[in-house]
Amino acid sequence: MSELTITTPEHVPIRLEPAGAGSRFLAITIDALIISGIATTIFGIVIKLLPRGVAMAIFVTVNFFLTWAWHLWFETRKQGRTPGKRILKIRVIDARGLPVSLHQSLVRNITRVLDFIPVFYGVGAIALMASPSRRRLGDILADTLVVRDAQPLAYRGQLAAERRHNSLRTPRVLRLARHRISLEEREFLLTLCLRADRMTAEARYDLMEEVAKEYRKKLGIEEEQMSGENLVRDLFNPPPVR
């Protein structure tokens, strides 16, 4: 399958491989089986304690809740991967390469009802095959992509462990970082660090230095004190003040 090139908000091109219909179908099937298994297990427990009609109502409610909450939770909180997507090594992302927002996840999953008709993902399959970027109707409306995860993203803890030293050396700078760097900015810095290994050395250096320049001004740090990349990596998760 041909690669798709997107340009991130930081103006860095990234090549991605759209996930095919087969892997997406298997992923949603695995998720559906897990959801059904959880709901059935709960039903098997409550039917021993409550009347059958009440137990059946609980089963329907749990199944409905899990069907919707499952995808919203994993897509927005687990790097775009439900358990099914993780097994098939695919994930959903914003079309700009950013993490999926709650609004986007809501749109693509509400539209799943339309993709599902007339039989199991009939409309979705047609849209998927017609789209060069392999997007079903929900992806088009939410402006998302499902791509192969050839190089899994590092977790926050792994990135922190890669740091050989603390570039934010003084308690003053650490306190300023904690008070002046917002949660949204740290999420941006984390996203930048996660993408760093996919960039060329030149692009990574230029981008890191450009971003670091703004934070040097904000924190009153001299340029020669640390490299731009060290500063960016420490800012998203600064060590504790000692």
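Since this is a predicted model, take the numbers as computed values, not measurements. (Residues numbered from 1 in each chain as written. Predicted model: local features only at pLDDT ≥ 70, side-chain atom pairs only at ≥ 80, totals over all residues. Heavy atoms only, no water.)

Peer 1: Could you give me a rundown of the overall build of the chain, with the residues and numbers involved?
Peer 2: Check the secondary structure of the chain and you find 12 helices and 4 strands. Among the 242 residues that make up the chain, the fraction classed as buried is 43%. Excluding contacts between residues fewer than 6 apart, the proportion of contacts in the chain whose partners are at least 24 apart in sequence is 66%. Summing over all exposed atoms, the chain offers an accessible surface of approximately 13500 Å²; the carbon and sulfur share of this is 63%. (Helix = DSSP H or I, 4+ residues; strand = E, 2+ residues; numbered from the N terminus. Buried < 20%, exposed > 50% of the residue type's maximum accessible area, 1.4 Å probe, protein only. Contact = heavy atoms within 4.5 Å. Areas by Shrake-Rupley, 256 points an atom, 1.4 Å probe, with all protein chains shown as cover.)

Peer 1: Residues and numbers for unusual backbone geometry, please.
Peer 2: Here Lys89, not a glycine, exhibits a phi torsion of approximately 60 degrees, which is positive. You can see Lys89 is positioned in the loop between helix H3 (83–88) and strand E3 (90–94). The class for Lys89 is exposed, based on a relative accessible area of 58%. Unlike most non-glycine residues, Arg134 shows phi in positive territory, near 55 degrees. Looking at the secondary structure, you find Arg134 in the loop between helix H6 (122–130) and helix H7 (137–142). Taking relative accessible area as the criterion, Arg134 reaches 25% and is therefore assigned partly exposed.

Peer 1: So what about the packing of helix H10 (residues 183–195) against helix H11 (residues 201–219)? Which residues, and what values?
Peer 2: Closest axis-to-axis distance for the H10/H11 pair is 12 Å, and the angle between their directions is 155 degrees. With respect to H11, the element H10 is oriented roughly antiparallel. Note on packing geometry: the crossing formed by H10 with H11 is left-handed. Along its contact with H10, which presents Glu185, Phe188, Leu189 and Leu192, the element H11 presents Leu207, Met208, Val211, Tyr215 and Lys218. Class assignment for the residues of the contact of H10 with H11 results in 7 nonpolar, no polar and 2 charged. (Axes fitted to C-alpha atoms, helices over the stretch in contact; angles between N-to-C directions. Parallel < 35°, antiparallel > 145°, perpendicular 65-115°, else oblique. Left-handed = near helix turned anticlockwise from the far one by under 90°. Nonpolar A, V, L, I, M, F, W, Y, C, P; charged D, E, K, R; others polar.)

Peer 1: Describe the side chain of Thr144, listing the residues and the values that go with them.
Peer 2: By secondary structure assignment, the location of Thr144 is in strand E4 (residues 144–148). In terms of polar contacts, Thr144 uses its side chain to reach the side chain of Arg108, at 3.4 Å. Engagement of the side chain of Thr144 in a polar contact is seen with the side chain of Asp139, the distance being 2.7 Å. Aside from chain neighbours lying at most four places away, what touches Thr144 is Val92, Ile93, Asp94, Ala95, Val100, Gln104, Arg108, Arg135, Gly138 and Asp139. (Polar contact = N/O pair within 3.5 Å; in protein donor to acceptor, adjacent residues only side chain to side chain.)

Peer 1: How would you explain the pattern of salt bridges if you had to name every residue and give the values?
Peer 2: Once the charged atoms of two side chains with opposite charge are near each other, the side chains can pair. Taken as a whole and judged by the stated rule, the model has 7 salt bridges. The shortest N-O distance in the salt bridge between Glu75 and Lys85 comes to 3.9 Å. Taken together, the positions of Glu75 in helix H2 (residues 52–77) and Lys85 in helix H3 put the pair 10 residues apart, joining distant regions of the chain. Per residue, the accessibility class of Glu75 equals that of Lys85, and both read buried. (Salt bridge = Lys/Arg side-chain N within 4 Å of Asp/Glu carboxyl O.)

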